[in-house]
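# A closer look at the structure
Each chain is listed here by its residues.
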Amino acid sequence: MLDQLAAGAPDNLAPAETRIVGVTIVWADNNGIPRSRTVPIDQFGAAIERGVGITPLFAVFDSHDGITFEHAPLGTPSGDIRLMPVSDQVVPLAGQPGFAWVPGRQVAADGSAWPYDQRGVLERQVSRAASLGLEFLAGYELEFHLSRADDGDGDDVRPIYDGPSYGPAKMLAVDAFAEQLLRDLDRNGVPIGQFHGEYGPGQFEFNIAPTDPVTAADRQLLARQTVHAAARAHGLRASFAPLVTLGQVGNGWHLHTSLSRAGTNLLSGGDGPASLTAEGGAYLAGLLRDLPAIVAVSAPSVCSLQRLRPGYWCGAYGFWGVENREAALRLVPTTPLLGAGHANVELKPSDASANPYLALAAVMGAGLSGIEDGLTPPGPVQENPDTWSDERRAEHGIHRLPTTVEQQLRALLTNQRIRSALGEELTDAFRAVRASDAARAADRDAADVVRSYRWLY
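An account of the accompanying structure is given in this report. Quantities reported herein were computed from a predicted structural model and do not represent experimental measurements. (Residues numbered from 1 in each chain as written. Predicted model: local features only at pLDDT ≥ 70, side-chain atom pairs only at ≥ 80, totals over all residues. Heavy atoms only, no water.)

## Here's the deal with the overall build of the protein chain
Going by this rule: Comment: elements are numbered from the N terminus, with helices defined as DSSP H or I runs of at least four residues and strands as E runs of at least two. Restricting the calculation to C-alpha atoms gives the radius of gyration, and the globule rule supplies 2.2 Å times the number of residues raised to the power 0.38. Any residue under 20% of the maximum accessible area for its type is buried, any over 50% is exposed, and the rest in between are partly exposed; the area is computed with a 1.4 Å probe on protein chains only. In this description, accessible areas are obtained by the Shrake-Rupley approach with a 1.4 Å probe, and a residue is regarded as covered only by the protein chains that are shown. We count Lys and Arg on the positive side and Asp and Glu on the negative side, and we leave His and both chain ends out. Every charge is mapped to an atom, namely NZ of Lys, CZ of Arg, CG of Asp or CD of Glu.
When its secondary structure is counted, the protein chain shows 15 helices and 15 strands. The C-alpha atoms of the protein chain give 21 Å as radius of gyration, which agrees with the globular expectation for 457 residues (23 Å, within 12%). Taking the principal axes of its C-alpha atoms as reference, the protein chain extends roughly 65 × 55 × 50 Å. Counting only residues that meet the buried cut, the protein chain has 57% of its 457 residues in that class. Carbon and sulfur atoms provide 52% of the accessible area of the protein chain, an area that totals close to 17600 Å². Taken as two groups, the 37 positive and 53 negative side-chain charges of the protein chain have centres that lie 2 Å from each other.

The structure is reproduced here in structure tokens:
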């Protein structure tokens, strides 16, 4: 690929498009925000060998680019690490002629493993699964908001279309953008299943086809880059923020996972509830046991907490159900039409403020621990428990997921399984970043907090 890039336009770029001049190396920080370095094409070979220097303090950047020194190992401005491109994953960007995209790994200055490298955290969980003879697939549903490019930070965000949800007229309002987006996603190697106008004003969604967890996280980052470029080309502005305007429905990035052994999906074909196998049930039970700590990673921002409300199909309570869209864990079962391999578990409380590698690592870590511990899930719940009494919810062991940063951090820091999955160093850096965000939001009203996150994603 390097020779092809250096020589000129790759096969998946049309001849009229510009020769590749730079490669952008991308990673995501502990706020889910993509960060990057771009190297000229003639320096890409050197970057593959030696990486690009970056500050280790990216691990303690908060959502608004404040740097916290409350994590002792990164308590000074000194030091340097290397950003290494994953050179077999280079993608010439269809929507940004002249540039290519590649995910990056963070390593120590001497090339050794760096404990704050989020991609490496996920790779360890994939290796853990393989040691147990298990394989995972992961896929995302990405919701986002489209408005006019000149919309600012006030309350007057103008959705590109405010009409009937899911209708063709909503797509008609963005047909030129949609045409480019579908072409660019395809040419950038991001396979999707469908694209539609969603429930909220100016809201749209597409789903990325399932693949192995690391590739799924890579594609999630590439997909958002592709959306932003297509929006810019059509005078639009995209936001993946958990909430764009206070009181509206939010943007979820629903995370779907399935696991198999020797090619057999463990979430179907068994004798357990909803035809779960024993291991599939144990996986689901592991997710349910550690759900508050998982959500502290998969929906970690102050803005996320404002999105997670009962009645909005975002998983505000900790329970599972079969095709229950109010459930935090929604089992999508096999059907005769879809086949046995289709069964998967959807994590509803997940959004763009999550680092995709860490969110997947937390999910896998919890589920694998459930299998190792031989857990059995309770029965599914097919109602909305927000309509129940406190006593009835307690009888079923159903509780609201954390509603404050303090509750989220308590759930994370007291859960040794998720701490182990993330690593102690990264867990504490993550804690420091979340505390910094909470301090920034403490004296601001809810609408102002939402505005401050609107264009970060």
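Once you've had a look at it, read on.
## Details of the packing of aromatic side chains
Stated formally: Pairing of aromatic rings covers Phe, Tyr and Trp, the last counted by its six-membered ring, and requires centre-to-centre distances within 6.5 Å; plane angles under 30 degrees mean stacked, over 60 mean edge-to-face, and any other angle means tilted.
For the structure shown, the criterion picks out 12 aromatic pairs. Considering the side-chain rings of phenylalanine 144 and phenylalanine 206, the 6.1 Å spacing of their centres and the 65° angle between planes classify their relative orientation as edge-to-face. Here phenylalanine 144, found in strand β7 (residues 135-148), pairs with phenylalanine 206, found in strand β9 (residues 203-208); they are 62 residues apart in sequence, far enough to count as distant. Overall, the relative accessible area of 0% leaves phenylalanine 206 in the buried class. Ring centres of phenylalanine 240 and tryptophan 253 lie 4.9 Å apart, and the angle between their planes is 90°; this geometry places the pair in the edge-to-face category. Of this pair, phenylalanine 240 sits in the loop between β10 (236-239) and β11 (253-261) while tryptophan 253 sits in strand β11, placing them 13 residues apart in sequence. Just as phenylalanine 240 is buried, tryptophan 253 falls in that class too.

## Notes on the pairing of strand β14 (residues 329-332)
So the rule is basically this: Strands are treated as partners if at least two bridges between them are detected by DSSP.
Side chains of β14 alternate between two faces, with Leu329 and Leu331 and Arg330 and Val332 buried alike. Taken together, the three bridges between strand β13 (residues 320-322) and β14 define a ladder with parallel strand orientation. Bridged to valine 322 within β14 is leucine 331. Inspection of the sheet shows β14 paired to strand β15 (residues 344-347) by four bridges, in the antiparallel sense. Residue pairing for β15: leucine 329 is matched across the bridge by leucine 347.

## Looking at helix α7 (residues 278-289)
Test applied: Given the number of residues in a helix, its expected span is that number minus one, multiplied by 1.5 Å.
An ideal rise of 1.5 Å per residue puts 16 Å on 12 residues; α7 measures up with 16 Å between its terminal C-alpha atoms. Within α7, nine of the 12 residues are buried, leaving the element largely enclosed by the surrounding structure. Considered for burial, the residues of α7 that qualify are Gly280, Gly281, Ala282, Tyr283, Leu284, Ala285, Gly286, Leu287 and Leu288.

## With respect to the layout of surface pockets
Formally: The pocket and cavity definitions rest on a 1 Å grid over protein atoms only: a 1.4 Å probe that fits but cannot leave marks a cavity, an open set with protein on both sides within 12 Å along at least five of seven lines marks a pocket, and residues lining either have an atom within 4 Å of a point. Grid points are joined across faces, edges and corners, and a volume is the space filled by probe spheres set on the points. The nonpolar class holds Ala, Val, Leu, Ile, Met, Phe, Trp, Tyr, Cys and Pro. Asp, Glu, Lys and Arg form the charged class, and all remaining residues, Gly among them, are polar.
One number sums up the size of the largest pocket: a volume of about 870 Å³. Glu141, Glu205, His254, Arg330 and Glu346 are the residues nearest the centre of the largest pocket, which is lined by 38 residues in total. Elements represented by at least two residues in the lining of the largest pocket include exactly β7, β8 (192-197), β9, β11, β14 and β15. The leading source of residues in the lining of the largest pocket is β7, at six residues. Grouping the amino acids of the lining of the largest pocket by side-chain chemistry returns 13 nonpolar, 15 polar and 10 charged. Looking at the second largest pocket, it is lined by 16 residues, and the ones nearest its centre are Pro34, Arg224, Gln225, His228 and Leu456. Secondary structure elements with two or more residues in the lining of the second largest pocket: β1 (22-28), β2 (34-40), α6 (213-233) and β10. Top contributing element to the lining of the second largest pocket by residue count: α6, with four residues. Taken together, the residues of the lining of the second largest pocket break down into nine nonpolar, four polar and three charged.

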